Amino acid sequence: ETETGAYAIYNDDPSNAETYGNIYNWYSVDDGRGTCPEDWHIPTDEEIKELEVYLGMSESEANSWGWRGTDEGGKLKEAGTVHWASPNTGATNESGFTAFPGGSRFYNDGIYQNMGGLGYFWSSSEDDSNYAWSRLLSYNFSGIHRGSYNKSSGFSVRCMRDETETGT
């Protein structure tokens, strides 16, 4: 367990990184060393809630934790079963987000798990000194899970473009 930014490649297999990207601990999200390109950032928990509401989730549901929503997760997931395990419930990718199931790395023993079945995504928002907010998408559910996880866990990230003065 570390409190410095770190990333890994699922099962240390470079072909996994080509498809699913790297798995990062939360400290790498927070340490400003360029996890995202210039003019991009890891979204806050509030920014992800805005997306969830835009996709159809009620505000009260977006503010809750655990599995929430109906088809909002499906609107984020890549459709089909090329990368997602069957049945990939509700996956339409209507949003264009094209979420992949990159799996995770367990914080206390380094075990990789759930690639193909689950996609975990960090927010930049802390819950407390040891935990931060993230989202989870599943192959067998079309909602979105909001949870607080140990910052040393290894999850995927998705960068969001910064808003500019011109509004683009």
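Residues numbered from 1 in each chain as written. Predicted model: local features only at pLDDT ≥ 70, side-chain atom pairs only at ≥ 80, totals over all residues. Heavy atoms only, no water.

Engineer: Got a sec to walk through the overall build of the protein chain? Specific residues and values, please.
Structural biologist: A tally of helices and strands in the protein chain yields five helices and 10 strands. Relative to its length of 168 residues, the protein chain is compact, with a C-alpha radius of gyration of 15 Å against a globular reference of 15 Å. Seen along its three principal axes, the alpha-carbon backbone of the protein chain occupies a region of about 40 × 35 × 30 Å. Within the span of the protein chain, comprising 168 residues, buried residues form 43% of the whole. Considering only intrachain contacts with a sequence separation of at least 6, the fraction spanning at least 24 residues in the protein chain is 53%. Summed over all atoms, the accessible surface of the protein chain reaches about 8700 Å², with 47% contributed by carbon and sulfur. Charge centroids of the protein chain, computed over 11 positive and 27 negative side chains, lie 3 Å from each other. (Helix = DSSP H or I, 4+ residues; strand = E, 2+ residues; numbered from the N terminus. Rg over C-alpha atoms; globule rule 2.2 N^0.38 Å. Buried < 20%, exposed > 50% of the residue type's maximum accessible area, 1.4 Å probe, protein only. Contact = heavy atoms within 4.5 Å. Areas by Shrake-Rupley, 256 points an atom, 1.4 Å probe, with all protein chains shown as cover. Lys, Arg positive; Asp, Glu negative; His and termini not counted. Charge placed at Lys NZ, Arg CZ, Asp CG, Glu CD.)

Engineer: Tell me about unusual backbone geometry, and please be specific about residues and values.
Structural biologist: Here the bond from S86 into P87 is cis, since omega is 15°, no more than 30 degrees from zero. Within the element layout of this structure, P87 appears in the loop between α5 (72-76) and β5 (104-105). Even without glycine at this site, N11 takes up a positive phi of about 55°. Its place among the elements puts N11 in the loop between β1 (7-8) and α1 (14-20).

Engineer: I'd love a proper account of the packing of aromatic side chains, names of residues and values included.
Structural biologist: On inspection of all chains with the given rule, the structure shows 11 aromatic pairs. Centre to centre, the rings of Y120 and F155 are 4.6 Å apart; their planes meet at 15°, and the pair counts as stacked. In this pair, Y120 is assigned in strand β7 (residues 118-126) and F155 in the loop between β9 (141-150) and β10 (160-161), connecting sequence segments 35 residues apart. This pair shows no difference in class: Y120 is buried, exactly as F155 is. Within the aromatic cluster, the residues linked to one another by ring pairs are Y120, W122, Y149 and F155. When the ring centre of W84 is taken as reference, the NZ or CZ atom of K77 above it lies at 5.3 Å. For R146, the ring lying beneath its charged end belongs to W133, and the centroid distance is 3.8 Å. (Phe/Tyr/Trp six-rings, centres within 6.5 Å; stacked < 30°, edge-to-face > 60°. Lys NZ or Arg CZ within 6 Å of the ring centre and 35° of its normal.)

Engineer: Hey, could you go over the nonpolar core for me, with residue numbers and the actual values?
Structural biologist: Nonpolar side chains in soluble globular proteins tend to be buried together. In this structure, W26, V29, I42, Y120, W122 and V157 are the most contacted members of the largest nonpolar core, which totals 13 residues. Elements that contribute at least two residues to this core include exactly α2 (26-30), β7 and β8 (131-138). Dropping the residues within four chain positions of it, W26 is found in contact with W122, S123, S124, S125, E126, A132, K151 and S153. (Core = buried A, V, L, I, M, F, W, Y, C linked by side-chain atoms within 4.5 Å.)

Engineer: Tell me what's going on with the pairing of β9, and back it up with residues and numbers.
Structural biologist: Most of β9 sits inside the fold, with seven of its 10 residues counted as buried. Pairing geometry for strand β4 (residues 66-68) and β9, over three bridges, is antiparallel. Among the inter-strand pairings, W67 is bridged to a residue of β9, identified as H145. Note: β8 against β9, seven bridges, orientation antiparallel. (Pairing = 2+ DSSP bridges.)

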